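# Close look at the chain arrangement
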Amino acid sequence: MESMSNKVLTVPGQEKWLLYQDLAPSVTRTSQVASVRGHPEKCDKTLKVTLLASEWNSSRGGLSTINRHLAILMAKRSEVQVTLLVPQFACSEEEKRAAESHKIVIKEAERRPGYDPLDWLSFPPEDLIIDVVVGHGAKLGKQAQIIRKYHSCQWVQVVHTAPEELGMFKNYPRAIARGEEKTTAEVDLCKLANLVVPVGPKLTEAYSAYLRSCEKQQDIMSFTPGTFKEFSTLNQASVDSEKFRVLTFGRGDPEDFGLKGYDIAAKAVVELKDNSYHLIFVGAPDDKQEAVTENLLQNGISKRQLTVRRTSKLWDQESDFYLITFGHKDGKVSVDGGQTPH
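For the structure given in this document, a descriptive report is provided here. It should be emphasised that the depicted structure is a prediction, and the values quoted were computed from it without experimental measurement.

What counts and how
- Residues numbered from 1 in each chain as written.
- Predicted model: local features only at pLDDT ≥ 70, side-chain atom pairs only at ≥ 80, totals over all residues.
- Heavy atoms only, no water.
- Patch = residues over 30% accessible without salt bridge, like charges linked within 9 Å, V, L, I, M, F, W, Y side chains within 5 Å.
- Areas by Shrake-Rupley, 256 points an atom, 1.4 Å probe, with all protein chains shown as cover.
- Salt bridge = Lys/Arg side-chain N within 4 Å of Asp/Glu carboxyl O.
- Helix = DSSP H or I, 4+ residues; strand = E, 2+ residues; numbered from the N terminus.
- Pairing = 2+ DSSP bridges.
- Right-handed = clockwise from strand over helix to strand, strands pointing away.
- Axes fitted to C-alpha atoms, helices over the stretch in contact; angles between N-to-C directions.

## Focus on a nonpolar patch on the surface
Taken together, the side chains of Met168, Phe169 and Ile176 present a nonpolar region at the surface, about 350 Å² in accessible area. The residue Phe169 is located in the loop between α6 (163–167) and α7 (175–192) in this model.

Here's what the structure looks like:
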């Protein structure tokens with residue numbers, strides 16, 4: 001989301017998002033509602049953005065990563081106040097302090113007996129003032145329709161997948177039928193939202209087509225993340241090594257193992273027919289390392305050329321990047337391990 005020169009990129013439509021003609025008026029409206037609820041009326045024109053989330057870290061996959069960095073990006077703007085709304089007990093005190101270091105406040109939605117934890121997000125704290133609520137997909141977007149109704153705010157819906165297309169490549173029962181059902185839910189939510197934000201040009205094209213019949217194409221804004229600053233500015237050591245280490249990130253879920261291309265990484269190492277190459281897989285859920293390892297081994301890779309690790313915290317991921325330090329040897333890229341972050 002930032003370039004290597006530390007300049008904030010003008011992510012396509014980012015300025016339009018924050019100054020969007022349908023979003024900006026909500027600041028005044030929400031301030032008026034706040035005064036009715038007993039909160040002091042504010043005229044500072046600060047845009048109060050709440051992102052719906054399941055966690056601060058990335059133990060549940062890439063959506064959490066995008067959500068966290070999107071929150072960090074917006075919090076850098078002085079005219080925006082960012083809140084991450086999570087289910088009660090979803091974040092540790094350490095994670096809350098990490099968010100505060102980026103000027104982000106983590107708020108918890110209280111436990112609601114009989115509801116799934118993510119559905120608790122439909123009921124934000126009463127003292128939370130919201131101008132814009134940001135939802136993600138169906139699981140973290142359906143709550144936004146209730147929040148908008150009772151908080152008089154605007155709703156930005158971020159879409160991360162095209163379930164109907166993915167269903168063609170899933171390998172669990174009724175995958176295609178479930179993909180169609182998920183697509184219907186995603187599109188219905190987009191029809192209700194004030195602004196639709198697909199991640200990347202492929203999804204932008206897909207959802208533009210889905211929403212053509214309801215004339216919402218003008219309310220679609222493409223969002224394409226860049227390289228995270230934490231990783232792009234690491235100082236790698238140019239030291240020759242006997243091993244060439246390849247780092248792969250992902251959860252390794254069995255239903256989309258081939259779809260995500262994890263098998264390709266393992267097969268590529270096998271094709272090289274050189275024991276100096278080593279695949280490091282990072283991101284396996286807790287207690288699932290063995291299952292992910294078995295799926296990788298089925299593609300012919302040797303145990304001696306494979307390491308599987310659980311989901312890493314952000315600072316652990318930096319250590320993983322130091323593990324693959326690039327240099328040149330015999331016309332190919334070589335890597336060196338054993339380095340530690342400064």
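Let's pick the thread back up.
## Examining the pairing of strand β9 (residues 306–310)
Relative to β9, strand β8 (residues 277–284) is paired through five bridges, and the arrangement is parallel. Within the sheet, the bridge partner assigned to Val282 lies in β9 and is Arg309. Handedness of the β-α-β unit built from β8, helix α11 (residues 289–297) and β9 comes out right-handed.

## Brief notes about the pattern of salt bridges
Oppositely charged side chains are able to pair whenever their charged atoms sit close together. Throughout the structure, instances matching the rule amount to ten salt bridges. In this structure, Glu108 engages Lys96 in a salt bridge whose closest nitrogen and oxygen atoms are separated by 3.3 Å. Here Glu108, found in strand β3 (residues 104–109), pairs with Lys96, found in helix α4 (residues 93–100); they are twelve residues apart in sequence, far enough to count as distant.

## A short note on the sheet that holds strand β2 (residues 80–87)
Read across the sheet, six strands follow the order β3-β2-β1-β4-β5-β6 without closing on themselves; strand pairing throughout is parallel. What marks the edges here is a single partner per strand, and that holds for β3 and β6 (195–198). The mean angle between the axes of side-by-side strands here comes to 25 degrees, regardless of whether they run parallel or antiparallel. The pairing of strand β4 (residues 132–136) with strand β5 (residues 154–159) spans five bridges and is classified as parallel. Considered in β5, the bridge of Val133 is made with Trp155.

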